[in-house]
Structure formats: C-alpha cells, structure tokens
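# Structural description and commentary
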Protein chains: 2
Amino acid sequence: MNTAPRTLANTDCGDCPIRYRAVCSRCEPDELDILDSMKSYKTYEAGQTICWAGDHLQYVGSVVEGVAALSQTMEDGRRQMVGLLLPSDFVGRPGRETAPFDVIAATDVTLCLFHKTPFEELINSTPTIASRLLEMTLDELDAAREWMLLLGRKTAREKIASFLAIIARRNAVLQRKPAAGRMEFILPLSRDAMADYLGLTLETVSRQMSALKREGLIELHGKRQITIPDFAMLMNETGDDTDGGMLS
Amino acid sequence: MNTAPRTLANTDCGDCPIRYRAVCSRCEPDELDILDSMKSYKTYEAGQTICWAGDHLQYVGSVVEGVAALSQTMEDGRRQMVGLLLPSDFVGRPGRETAPFDVIAATDVTLCLFHKTPFEELINSTPTIASRLLEMTLDELDAAREWMLLLGRKTAREKIASFLAIIARRNAVLQRKPAAGRMEFILPLSRDAMADYLGLTLETVSRQMSALKREGLIELHGKRQITIPDFAMLMNETGDDTDGGMLS
DNA sequence: TCCCGTTTTTGATCTTGATCAAAGCACTCG
DNA sequence: CGAGTGCTTTGATCAAGATCAAAAACGGGA
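Only a predicted model underlies this, so the values are computations on that prediction, with no experimental measurement involved.

It is worth spelling out the packing of helix α5 (residues 156-174) of chain A against helix α7 (residues 202-214) of chain A at this point. Residues and elements named next belong to chain A. At a minimum axis distance of 9 Å, the contact between α5 and α7 shows a crossing angle of 75 degrees. Relative to α7, α5 is oriented roughly perpendicular. Facing α5, whose interface residues are A156, R157, I160 and L164, α7 presents T204, V205, Q208, M209 and L212. Across the contact of α5 with α7, the residue classes break down as 6 nonpolar, 2 polar and 1 charged.

Written out as structure tokens, the structure is:
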C-alpha cells in the first residue's frame, strides 16, 4: 500500500482518462496513431456482467468511467471479488484465449476497447509497450498480494478500515488532492459487494460500518456518501504500517 | 487452478531447470548467449531470509532447487505468505527499485541470478522476452487471485485439501506423471508455514491434516511424506469445480 | 404523496476456527 | 543413555464472525 499504482495521475498523459494513454506516454507518435485508430467505446449498466470466466476474449481495454469488479464464484454460490477496476485500469489478457474471471459492472461503466489481436502485435513489436504493460501487471500483482494479507489475517474492522482507506486514497489521487485530513467520497460498492470483496458477510460489513460511525471515525450521509473526518485516525484501524515505509 | 502454469515442464526448454531457459525457448541464440554469460548461482539454507521487503534490488533470477516463500508480516507479528516459489519460478521485479515482500527460504534453496540492470536492458530491447515475462506475470496474477478465493471464502478443510492438491499436482508436473490416482510427495512446508500460507493457525492445520488422515483421504508417513490414495477423492474436498473447466 | 421492492441495519443464536495449555515425538548433543 | 530442543498433535475453552430472522430506511415510480 506504500506505492501508489502507476495510473493516470502519476503518469505524464495529460487529461485523457484512458489507460493506454499512460502506456503511450512513452511511445512514438506513430504508435499513438495506431492505438487511436483501433479504439472503440462501450458502456454497461450497474450489475451487468461484462464477461464470464471462460469466455473467449476478443478485446482488451481500460476503464474510462465507473467501477468494474473481477469476481469468482464457487458452485455453492460463495463469491470472492479478486480485483476492483477503477478508471484508468487495464482490462484483459494479452496472450490468453479465455477470460480467467467474471468481470461485473459495479456501477455504470464505460470501457475503451481494442481488438486483442492487433494489440498483441503491437506488444510484440514494441518493447516500450510490452515493458510498460509488464510494469502495470507487476503493480497489479503487488496489489493482489496485499489483498491476500487482508483476506488471510485482518479482522473485520481492519478490513473495512483498509477498504475505506484505499477508496479514499484512490479518489484523492484522481482529484489531485492530498490523502490526509478530512476526505469525502462516494462508495462505489453496495454493502453486499463490499462483503464479496472483503471476504465477509454483508451483515458483518454493515455492523462494522455502524461501529466506525458510532466511534466518529467516519460519517455516513445516506448509504454511499462517506466523510472521513481524519484520515490518519482511520489508518490507525487498518493494521497497516503507519510510517511511510521503512528505510530509503 | 484450471490452467497449468507455464513452467519448465510445459515449455520447450530441455532439461534445464532454470526459468530463463523457458523465457529463452523463444529467443534467438544470441540472446541465449547473453543470458548465459550473465548468470550466477547462490544457495540459501532453510529458514534464511533471502531478502527483506524494502531491500534495494540488485538481482533478478529464478529458483533452481528447493522452495522459497514470499511473505508479509504485520507489526504485531501476524504473517501471511503471498506466494510460493517452486523450481523454475521467476524471482524479482524488473523495473522496480525495492522488493515489495520478504523472500524466505522454506527449504534449502538454490537460485540462479542475473544482475538486474542488464536484464532490464534485455527486456527493453527484446520484445519476445518482454512479452514472455508478461505472460508469466499474468499467470502469477491469476494464481494470486485464485488464492484470494481460498483465503476469503474456503473452510479450513477446503484450504488444506486445496493446498495438498496444488503441491501434488505441481509435483506430478515436475515428474511428468499424471495428476490422478495414487500420488506421493514430500511436503515442502512445516505446519507453521502451511498456516501462514493458508491464513490459519498451526493447530487448525494439524487438526485438519489429522482429520483427512483419519478419513483415509491422505496417508502420513512421518510428518512430511504424504500419500494421496485417490487424487479425485481429495479434489472433492477442495470446493473447486471438478469438471475440467467449462466450455472452451 | 403513498406504495412497493430493494438495500441496509439490528438483534439473537450458533459455529468455526483461534487461543491457551499440555503432552508426545523425533533428533541432536553431551 | 538421557536431557534438551524444536516440531507436531491433541484437548478444553473462547470469541469473532456467520447464520437466521425481522424491522427500518431508502428510492423511485404511479
């Protein structure tokens, strides 16, 4: 959690919210043109399944607006979200035939899509794109592994606090504000979806949210609008290191 | 868990147990020579820490022999393993300055190492290597996300069964035997390390192992030598899909 | 405005796995 | 051979979170 993901906000890619711009901030103009000519947009409504695990993959792309979730379901219905896709996040699997997980629109979502095959050709012919994509994938891997610590070892309260902190921080980055002091944002997930993400039941999520509210660590206006009066206070409840990340 | 990882055994790379051979099975001979001239070996004893989270990274490489673990520790001592590195697995972060997690030798381990900087140059100049590394990283990401399902939603019994099934299958791949019927192998982890990997306590691990033994799903000879009389039987306890993985 | 369906909150109880505690085993070393 | 040490197993109890069950709050039409 120490290292901010290499998204839009810390990459030199102007105002374009599309992740491939980030890819292309290091590209030659020619390559940018190639990508521009390939792209198309598609929108999905909240709750819609964008693609099922096992589906044949035709596209890769990135989230422009809204929030999508990667999710896995067991035969008996137990579900676990394995990734949140926020604006500027890459979606898809260059080099793979089928989707490994379900992709679900958590809110209304707009994607920017490219046909997979020409994109793969671009990767294979353009080392800068391939290595940029590698960096992004490594970041995702680190994030997944941080989440494993949360799922395996954190208490319900710590899980909720960590989740709120992540959303708040991510939101601050998008708005180019500091992640400190008083922060406000809209929760992109229902209690049910939060439970799926955190490895809890929705009742436990609700109870812990109520507890944090009771203790003044968060304020709830309606169900989705959150205010964190003091970000540092909330961070104390996450179980994470508070110091900025050891030596160096 | 449906898709076998692209390791040694299903890549055309002869008998060399080193992962970069796998990378190089698609390379030109020149590139192979470059890699050969860069490599060196280093061994670590069981229990030794190979590198700490935050350490400055000098090398990348791969596991030749033994088992290493990626691990995270919270201030109060709670620990979560976030990855197992088996022979042929890649270790390191091209494009990153510091290690994101601790790397610990679970057994005696031999690594094959390259200096990071020239390796990064090779990536940037050689699209085949970059895109191969991308594929490997995406595989790791999928594996991490499967593990998130295990950590977030599976019962203790399912966790143990899943772990044993993974080790057994991975072992079978290395020995070029089918992952079915009667299978024998040596557990690479102590009960304590298993607990760290599965998000359990060592007592719970021990109890569940005893239960599986009592029910005849596994046989224990000593503490580490395991026999699975019927792999399919054990798979029934993992909570995973039994069918070979939907359409396609 | 009032209804109706959905989402969320709250309450009561139960279960799984954690915690605390004590043996049991296998190995090494003196 | 026997004590010591580091795993591992087993037992007894506890508690966090799940489950079952209602009630409350919200939101969006008609």
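With that out of the way, let us pick up the environment of S210 of chain A. For S210 of chain A, the location among the structural elements is in helix α7. Through-space distance from the C-alpha of S210 of chain A to that of L220 of chain A is 9.0 Å; in sequence the pair is 10 residues apart.

This paragraph deals with the protein's contact with DNA strand D. As a matter of local geometry, DNA strand D sits amid 17 residues, with A156 and T204 of chain A together with R191, R207 and S210 of chain B nearest to it. The sugar-phosphate share of atoms of DNA strand D within 4 Å of the protein amounts to 68%. A distance of 3.0 Å separates a base oxygen of DNA strand D from a polar side-chain atom of R207 of chain A. The separation between a phosphate oxygen of DNA strand D and a polar side-chain atom of S206 of chain B is 2.9 Å. Among the elements of the structure, α7 of chain A together with α7 (202-214) of chain B are those that each provide at least two residues to the surface near DNA strand D. In terms of residue count, α7 of chain B provides more of the surface near DNA strand D than any other element does, 4 residues in total. When grouped by side-chain class, the residues that make up the surface near DNA strand D number 2 nonpolar, 7 polar and 8 charged.

All names here are of chain A. Burial of strand β7 (residues 102-105) is two-sided: the residues D102 and I104 facing one way and the residues V103 and A105 facing the other way are all buried. Judged from the 2 bridges that link them, strand β2 (residues 49-51) and β7 form a sheet pairing that is antiparallel. The partner of T49 across the bridge, within β7, is I104. Here strand β4 (residues 68-73) pairs with β7 via 4 bridges, running antiparallel. Note on β7: the bridge partner recorded for A68 is A105.

To continue, consider the sheet that holds β4 of chain A. Residue and element names in this part refer to chain A. The strand order across the open sheet formed by 4 strands is β2-β7-β4-β5, and the pairing between neighbours is antiparallel. Bordering the open sheet on either side are β2 and β5 (79-85), each of which pairs with just one other strand. If you compare each strand with its neighbour and ignore which way they point, the axes differ by 35 degrees on average. Relative to β5, β4 runs antiparallel, the two being bridged by 6 bridges. Following the sheet pairing, S71 is matched in β5 by M81.

Residues and elements named next belong to chain A. Between its terminal C-alpha atoms α7 stretches 18 Å, which fits the 18 Å expected from 13 residues at 1.5 Å a residue. Those residues of α7 lying buried are V205, Q208, M209, A211 and L212. An end-on view of α7 places all buried positions within 160 degrees of arc, on one side of the element. For α7, the exposed residues lying more than 90 degrees away from the buried face are R207 and R214. Looking at the buried side of α7, the elements it contacts are α5, α6 (191-198), β10 (219-221) and β11 (225-228). Where α7 terminates, the next one or two residues include G216, which has phi positive at roughly 80 degrees.

Parameters at a glance
Residues numbered from 1 in each chain as written. Chains lettered and ligands numbered in written order. Predicted model: local features only at pLDDT ≥ 70, side-chain atom pairs only at ≥ 80, totals over all residues. Heavy atoms only, no water. Axes fitted to C-alpha atoms, helices over the stretch in contact; angles between N-to-C directions. Helix = DSSP H or I, 4+ residues; strand = E, 2+ residues; numbered from the N terminus. Parallel < 35°, antiparallel > 145°, perpendicular 65-115°, else oblique. Contact = heavy atoms within 4.5 Å. Nonpolar A, V, L, I, M, F, W, Y, C, P; charged D, E, K, R; others polar. Near = heavy atom within 4 Å. Polar contact = N/O pair within 3.5 Å; in protein donor to acceptor, adjacent residues only side chain to side chain. Buried < 20%, exposed > 50% of the residue type's maximum accessible area, 1.4 Å probe, protein only. Pairing = 2+ DSSP bridges. Expected span 1.5 Å × (residues − 1). Arc of directions from axis to C-beta.

None of the figures reported here should be taken as evidence of function without further support.
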